[in-house]
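Here are the chains, one letter per residue:
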Amino acid sequence: MDNKDFNRDQLLNEILRETAAPRSQPAPQPAPARDPEPPKPASAAPAARPAPAEPVRPAAAPQTQQQPAAETPAPEPDNRTVLFNSAQWNTDQVFTARQPVLENDPLYEDLEGESQPFRPESVHSTTASTAKRPRKKRKQHRVISALAMIIIIIGVSILLSSALIVYGRDLLGINSDSSTKIVTIPQGATMKEIAGTLQDSGIITKPDFFVFIVGMSDKDKDIKPGDHELRPDMAYETILSELISDPMDSSLSVSVTFPEGMRLVDAADLLEENNVCDADEFLDYFNHSAKFGYAYEDYLPSFQDEKFYQMEGYLFPDTYTFYQEMDVELVCQKILGNFNDKITKDMYDRMDALHISLDQTITLASMIQAEAGNTEQMATISSVFWNRLNNATEYPLLQSDPTTKYVEEVIKPHSESYNQDLYTSYDTYQCTGLPAGPICNPGSEAIHAALYPDNTNYYFFYSNIDTKETYFAETLQEHEANQQKVQEQQEAAAAAESSEEESNDTEE
């Protein structure tokens, strides 16, 4: 042991003796009377304090020799050796045993820093606490929480901004569509119904929001029924101002009825006759420029330009209310808007099931409309066309007389030049399958018959134009017999008429 270790042990012994010895040492006993007998041999020396395995201090003489009792008194217990021996004690034992004393001692309560007594259990508890709550993990958790909060804030901000943009555009009328539309407000309609009408017409996109804004203005009861000219790029305030103003002058209104099976060129002439618009101007706009964003436009074929009148068949037969000298755009919009409403989702689903397009449906319906003498015959006539279409090898031609008449009565008179390919594409006695396009404007019953034909084995039919009666046949022989029957009926009818005329002439 070097001097440095010795001085440390000596200092600790002094401190422990001053603080701990008075509390643990027993009361001092009076010294015993000296025995006049000679001292005992060294082997009989007190055995309660055996010499340590190795000396504690180099200066302490080993107790191996016997000293006479008369010359050397009995040594007092060495408190330093008893309290601390570096060879027999360790630091953990000493401070663990003295911890209650040291903790209550004011000397150690004021010590800080390097002078604080060393406590191994404090080190262990600090290390364990640090291991249980690592700072790095807590820092990472805080970073993740902060990032999650930032992401949530950004997401909410994006949603609010998107909603503000969508509703703001509708409120302010920020729309690229500036076409004028005539919107009819029914008599006695509620504000919710009016908003639905505006949505169906493409004027607004948020009907509930429109009802809320109009309700705040307290003008919802001032809206006047009738026809109003509106545009999708109008703000809510402008739309409301138009709705509470007087509708279009009903004194200038014109009611025009287009019957089922009317050809487009004839409908144009009818509009001109009622002073609604020019016939040629209507045909040009209706066939080339009438695009209003209606749903049916997505179903138009890409080969529209190959047809004579591109929009033949799309003027839905109905009674319309127009105005004299009306803008041709509004005329076409009203007609095509009605067509768009009449073609329902169920019809489109049925077309998908039959694997036919909208244009093919209207084309087949136009042929049924032109052939049928009444609505009851339509589904059976449709079955004849479908049977031939499904058996194209044996019956490649549909052979419908109205298609030939359309070429002769419509296409050729209105063509600027001779075009045999165009003529052939419409004449079902020359072209295979359906003609290039519709040959008239069919009604609801004909369209329904085209989509839902009867289940028959007929491949032929022949109609009596005079009686509007149609005869059906499965074979060519039966068909020829029906032709003969119709011919005899017509001859008999002609003879009866001739006889009646002669009788009238005789009476005169």
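Quick caveat, the model's predicted, so the values are computed rather than measured.

> When you look at the packing of helix α9 (residues 191-200) against helix α10 (residues 207-217) in this model, what are you seeing that I'm missing?
Helix packing for two helices is described by the angle between their axes and how far apart those axes are. Following both chains from N to C, one finds α9 and α10 inclined at 130°, their axes separated by 9 Å at the closest point. Here α10 runs oblique to α9, going by the angle between their axes. Of the two elements, α9 crosses α10, and the hand of that crossing is right-handed. In contact with M191, K192, A195, L198 and Q199 of α9, α10 contributes P207, F210, V211 and V214. Among the residues forming the contact of α9 with α10, the class breakdown is seven nonpolar, one polar and one charged.

> So what exactly am I meant to see when it comes to the layout of surface pockets here?
Over the atoms rolls a probe the size of a water molecule, and its path tells where empty space is left. Empty space within the second largest pocket amounts to approximately 800 Å³. Elements supplying a minimum of two residues to the lining of the second largest pocket: α16 (358-371), α17 (378-390), α18 (401-414), β5 (460-464), β6 (469-473) and α21 (476-507). Tallied by class, residues from the lining of the second largest pocket come to 14 nonpolar, ten polar and eight charged. Both domain 2 (251-342) and domain 3 (355-485) contribute no fewer than three residues apiece to the lining of the second largest pocket.

> Even after reading the chapter, I still don't get the UniProt feature "site: Important for catalytic activity" (unreviewed entry) in the chain, so can you show me in this structure?
UniProt annotation of "site: Important for catalytic activity" (unreviewed entry) refers to E371 when read in the numbering used here. Within the secondary structure, E371 is located in helix α16. Ignoring any residue separated from it by four or fewer positions in sequence, one finds E371 in contact with I381, F385, S400, D401, P402, F461 and S463.

> What is the right way to read the environment of K405 from this model?
Tracing the chain through its elements places K405 in helix α18. Since its relative accessible area comes to 43%, K405 is described here as partly exposed. Expressed as a C-alpha distance, the spacing of K405 and Y426, which sit 21 residues apart in the sequence, is 9.7 Å. Those residues in contact with K405 that lie beyond four places of it in its chain are R263 and V410.

> For this particular structure, what's the right way to read the packing of aromatic side chains?
Given two aromatic rings, their pairing is described by the distance between the two centres and the angle made by the two planes. Taken as a whole, this structure holds 19 aromatic pairs when the rule is applied. Judged by centre distance (5.0 Å) and plane angle (85°), the ring pair of F210 and Y236 falls under edge-to-face. Placement of the pair is F210 in helix α10 and Y236 in helix α11 (residues 236-243), with a sequence separation of 26 residues. Of the two residues, F210 and Y236, neither departs from the other in class, the shared state being buried. Ring plane angle 15° and centroid distance 4.1 Å describe the contact between Y299 and Y348, whose orientation is recorded as stacked. One end of the pair, Y299, is in the loop between α13 (279-288) and β4 (319-323); the other, Y348, is in helix α15 (residues 345-354), and 49 residues separate them in sequence. Members of the aromatic cluster, connected to one another through ring pairs, are F292, Y294, Y296, Y314 and F339. Directly above the ring of F460 sits R388, whose terminal nitrogen or CZ lies 4.9 Å from the centroid. The cationic tip of K412 hangs over the ring face of Y423; the distance from NZ or CZ to the ring centre is 5.1 Å.

Calculation criteria
Residues numbered from 1 in each chain as written. Predicted model: local features only at pLDDT ≥ 70, side-chain atom pairs only at ≥ 80, totals over all residues. Heavy atoms only, no water. Axes fitted to C-alpha atoms, helices over the stretch in contact; angles between N-to-C directions. Helix = DSSP H or I, 4+ residues; strand = E, 2+ residues; numbered from the N terminus. Parallel < 35°, antiparallel > 145°, perpendicular 65-115°, else oblique. Left-handed = near helix turned anticlockwise from the far one by under 90°. Contact = heavy atoms within 4.5 Å. Nonpolar A, V, L, I, M, F, W, Y, C, P; charged D, E, K, R; others polar. 1 Å grid on protein atoms, 1.4 Å probe; cavity = no way out; pocket = protein on both sides within 12 Å on 5 of 7 lines; lining within 4 Å. Points joined across faces, edges and corners; volume = space filled by probe spheres on them. Domains from an automatic or database assignment. UniProt positions renumbered as here; feature names shortened; annotations may be inferred. Buried < 20%, exposed > 50% of the residue type's maximum accessible area, 1.4 Å probe, protein only. Phe/Tyr/Trp six-rings, centres within 6.5 Å; stacked < 30°, edge-to-face > 60°. Lys NZ or Arg CZ within 6 Å of the ring centre and 35° of its normal.

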